[in-house]
Amino acid sequence: MTTNKTNSGNFFEDFRIGQVLAHATPRTVTEGDIALYTALYGPRFAVQSSAEFATALGFEDMPADDLLAFHIVFGKTVPDISLNAVANLGYADGTFGVPVYAGDTITTTSTVIGLKENSNGKTGVVYVRSRGVNQRGEMVVDYVRWVMVNKRDAAAPAPAEVVPDLPKTVPVAALKVPAGVTFDTEAYDTVLAGSPHLWDDYAPGEKIDHVDGMTIEEAEHMMATRLYQNTAKVHFNQFEQAKGRFGKRLIYGGHIISLARALSFNGLGNACKLVAINAGSHCNPTFSGDTIHCWTEVLDKAAFPERSDVGALRLRTVATKDLPCAGHPYKDADGKYLPAVVLDFDYWVLMPRR
C-alpha cells in the first residue's frame, strides 16, 4: 500500500487572502549558529563580535547578527510559501524588534496579504507578511516579501487580484532602538569598533565604494541554506536544477544580502545595527564562483527625539557580481539594472552620534 504523507508545498492556487500560515519547527539560536554565520560572511561589526563591547553598551550579551534572525525567519516560511517558487522578488516594510541572543527560540507565522496571477497563466505572485517572535512572544523581525510561485494547474481560475499598498520607507517613528542600550561615545569605543566615522560624518547623496570583494564558493552557499533550514529546490537540488533554465543552483538571495552587509563594514564600520528594511530586489541571478562587490549611497539621515547618542541612516547598498564598484554601477539609461547588479537593498541602520 502506498500513501502520501510528504509535503509537496503550496502552489499559487492554494493561497487565499487573509490566510494565516503557522510555520513548523521553532528554531533555537545557538552560539554555534552565530559562529557559523561569522565563518560564512565574515561580518566585523563590534556589537555582534564582542560580548564585552556589547554589554558595555547595555545589551544583555553579544546579540546575533540581525540578518541571521532574518534568515532563520525566512527559512521557516519556505516549505509553506516558496517551495514551488520560481523566484523571490522583493521585500518591503520590514522592522527588527528585540535583539536575538544565543538561547532564544524563534517561531514564525505568515499572513497572505496579496495575490496576482501573471499573464502567462502558469505562475502568480504571492505577497506575505512574515513575523518572527522569541519565546516570550516579542517580535524579532516583521517584514513583507513577494514571491513568484508556480501554479499546479494552469487552467485553475485566477483569484481576484489584490496588490498591497506598501510604504516606500519605514517611518523613523517605527524604528526600534534596543531598550536599555546607550551609544554614548563614552561607552562606544570607536577605536575598538574599527572606524572613526559616526552619524554626524555622513550626508545624503554620499556614495561609498566598499572596495573589497568576496567570491561565493559552492560549499558556503549550501551550508548557509542548510543553516537557515531553507528547503527551496532552486538552492540545494542540483539534480533538479540541471534540467532548468540555468542548469545549476541559484544562490539564495539572502546570502547576497549578508555578503553585502559584511563587505559594507569597510566604510560603514559604525553602522552597528540594522533596524528596518525599506525595499529590496534581487536584480539578477547569482551562482557559485561569482565574486560579490558592493557600494552604498546614503539616502537620508534622521535623529531620534530625546536621543542625542544615536541616529539613523537610510542606506541603499548595491551589490554586483564580478564587477568592482568604484564607478558605482547601478542602472542603464533606460532605468534597467545592469546585468552585473544582483542586489538593490534599501534599509535603515543605527549609528552612534558625537
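Our subject in this report is the structure included herewith. (Residues numbered from 1 in each chain as written. Predicted model: local features only at pLDDT ≥ 70, side-chain atom pairs only at ≥ 80, totals over all residues. Heavy atoms only, no water.)

Topic: the overall build of the protein
A count of helical and extended segments in the protein gives 8 helices and 12 strands. Compactness check: the protein gives a C-alpha radius of gyration of 20 Å against a globular reference of 20 Å for 354 residues, within 12% of the reference. The principal-axis extent of the C-alpha atoms belonging to the protein is close to 70 × 50 × 40 Å. Nonlocal contacts in the protein, meaning residues at least 24 apart in sequence, comprise 79% of its contacts between residues at least 6 apart. Surface exposure of the protein reaches about 15,000 Å², of which carbon and sulfur atoms provide 53%. (Helix = DSSP H or I, 4+ residues; strand = E, 2+ residues; numbered from the N terminus. Rg over C-alpha atoms; globule rule 2.2 N^0.38 Å. Contact = heavy atoms within 4.5 Å. Areas by Shrake-Rupley, 256 points an atom, 1.4 Å probe, with all protein chains shown as cover.)

Observations regarding the side chain of arginine 145
Within the secondary structure, arginine 145 is located in strand 6 (residues 139-150). Comment: no salt bridge for buried arginine 145; closest opposite-charge side chain is aspartate 80, at 9.2 Å. In this structure the side chain of arginine 145 is engaged in a polar contact, spanning 3.0 Å, whose partner is the side chain of serine 82. A distance of 2.8 Å separates polar atoms of two side chains, one belonging to arginine 145 and the other to asparagine 88. (Buried < 20%, exposed > 50% of the residue type's maximum accessible area, 1.4 Å probe, protein only. Lys, Arg positive; Asp, Glu negative; His and termini not counted. Salt bridge = Lys/Arg side-chain N within 4 Å of Asp/Glu carboxyl O. Polar contact = N/O pair within 3.5 Å; in protein donor to acceptor, adjacent residues only side chain to side chain.)

Quick word on helix 8 (residues 253-263)
It helps to recall that an α-helix has 3.6 residues per turn; residues three or four apart then point in one direction. Counting buried residues in helix 8 gives 11 out of 11 residues, a clear majority hidden from the surface. Regarding helix 8, the residues found buried are Gly253, Gly254, His255, Ile256, Ile257, Ser258, Leu259, Ala260, Arg261, Ala262 and Leu263.

Overview of the packing of aromatic side chains
Summed over all chains, the structure comprises 14 aromatic pairs. Ring geometry for phenylalanine 70 against tyrosine 91: centres 5.6 Å apart, planes inclined by 70°, an arrangement best described as edge-to-face. Taken together, the residues phenylalanine 70 in helix 3 (residues 66-81) and tyrosine 91 in strand 3 (residues 85-96) connect sequence positions 21 residues apart. Under the relative-accessibility criterion, tyrosine 91 is labelled buried at 2%. With a centroid separation of 5.8 Å and an interplanar angle of 70°, the aromatic rings of tyrosine 330 and tyrosine 337 are classed as edge-to-face. With relative accessibility at 18%, the residue tyrosine 330 sits in the buried group. Three or more aromatic residues joined by ring pairs form one cluster here, namely Phe70, Phe74, Tyr91, Tyr143, Tyr228 and Tyr252. Cation over ring: arginine 145 sits above phenylalanine 74, and NZ or CZ is 4.1 Å from the ring centre. (Phe/Tyr/Trp six-rings, centres within 6.5 Å; stacked < 30°, edge-to-face > 60°. Lys NZ or Arg CZ within 6 Å of the ring centre and 35° of its normal.)

Topic: the packing of helix 1 (residues 31-41) against helix 8
Here helix 1 crosses helix 8 at 75°, and the two axes come no closer than 9 Å. Judged on the interaxial angle alone, helix 8 and helix 1 are roughly perpendicular. Here Tyr37, Leu40 and Tyr41 of helix 1 come into contact with helix 8, specifically with His255, Ser258, Leu259 and Ala262. When grouped by side-chain class, the residues that make up the contact of helix 1 with helix 8 number 5 nonpolar, 2 polar and no charged. (Axes fitted to C-alpha atoms, helices over the stretch in contact; angles between N-to-C directions. Parallel < 35°, antiparallel > 145°, perpendicular 65-115°, else oblique. Nonpolar A, V, L, I, M, F, W, Y, C, P; charged D, E, K, R; others polar.)

Quick word on the pattern of salt bridges
Oppositely charged side chains can pair when the atoms bearing their charge come close. Across all of its chains, the model carries 15 salt bridges by this definition. Taking the shortest distance from any N to any O, the salt bridge between glutamate 218 and arginine 249 comes out at 3.5 Å. With glutamate 218 in helix 5 (residues 218-227) and arginine 249 in the loop between helix 7 (238-241) and helix 8, this residue pair connects regions lying 31 residues apart in the sequence. Close ionic contact of glutamate 240 with lysine 243 constitutes a salt bridge, the shortest N to O distance being 3.9 Å. Here lysine 243 falls in the exposed class, since its relative accessible area comes to 57%. Taken together, the shared-partner salt bridges connect Asp93, Arg129, Arg131 and Asp142 into one network.

Considerations on the environment of lysine 233
Structurally, lysine 233 is set in helix 6 (residues 233-236). Classification of lysine 233 by relative accessible area gives partly exposed; the value is 36%. Along the sequence, lysine 233 and arginine 152 sit 81 residues apart, while their C-alpha atoms lie 16 Å from each other. Setting aside chain neighbours within four positions, we find lysine 233 in contact with Leu83, Asn84 and Gln241.

Describing helix 1
The complete set of buried residues in helix 1 reads Asp33, Ile34, Tyr37, Leu40 and Tyr41. All buried residues of helix 1 project into a common sector of 125° when viewed along the axis, lining one side. Along helix 1, exposed side chains directed more than 90 degrees from the buried face belong to Glu31 and Ala39. Looking at the buried residues of helix 1, the elements they touch are strand 2 (27-28), helix 3, strand 8 (214-215), helix 5 and helix 8. Directly beyond the C-terminal end of helix 1, a positive phi value near 70° is found at glycine 42. (Arc of directions from axis to C-beta.)

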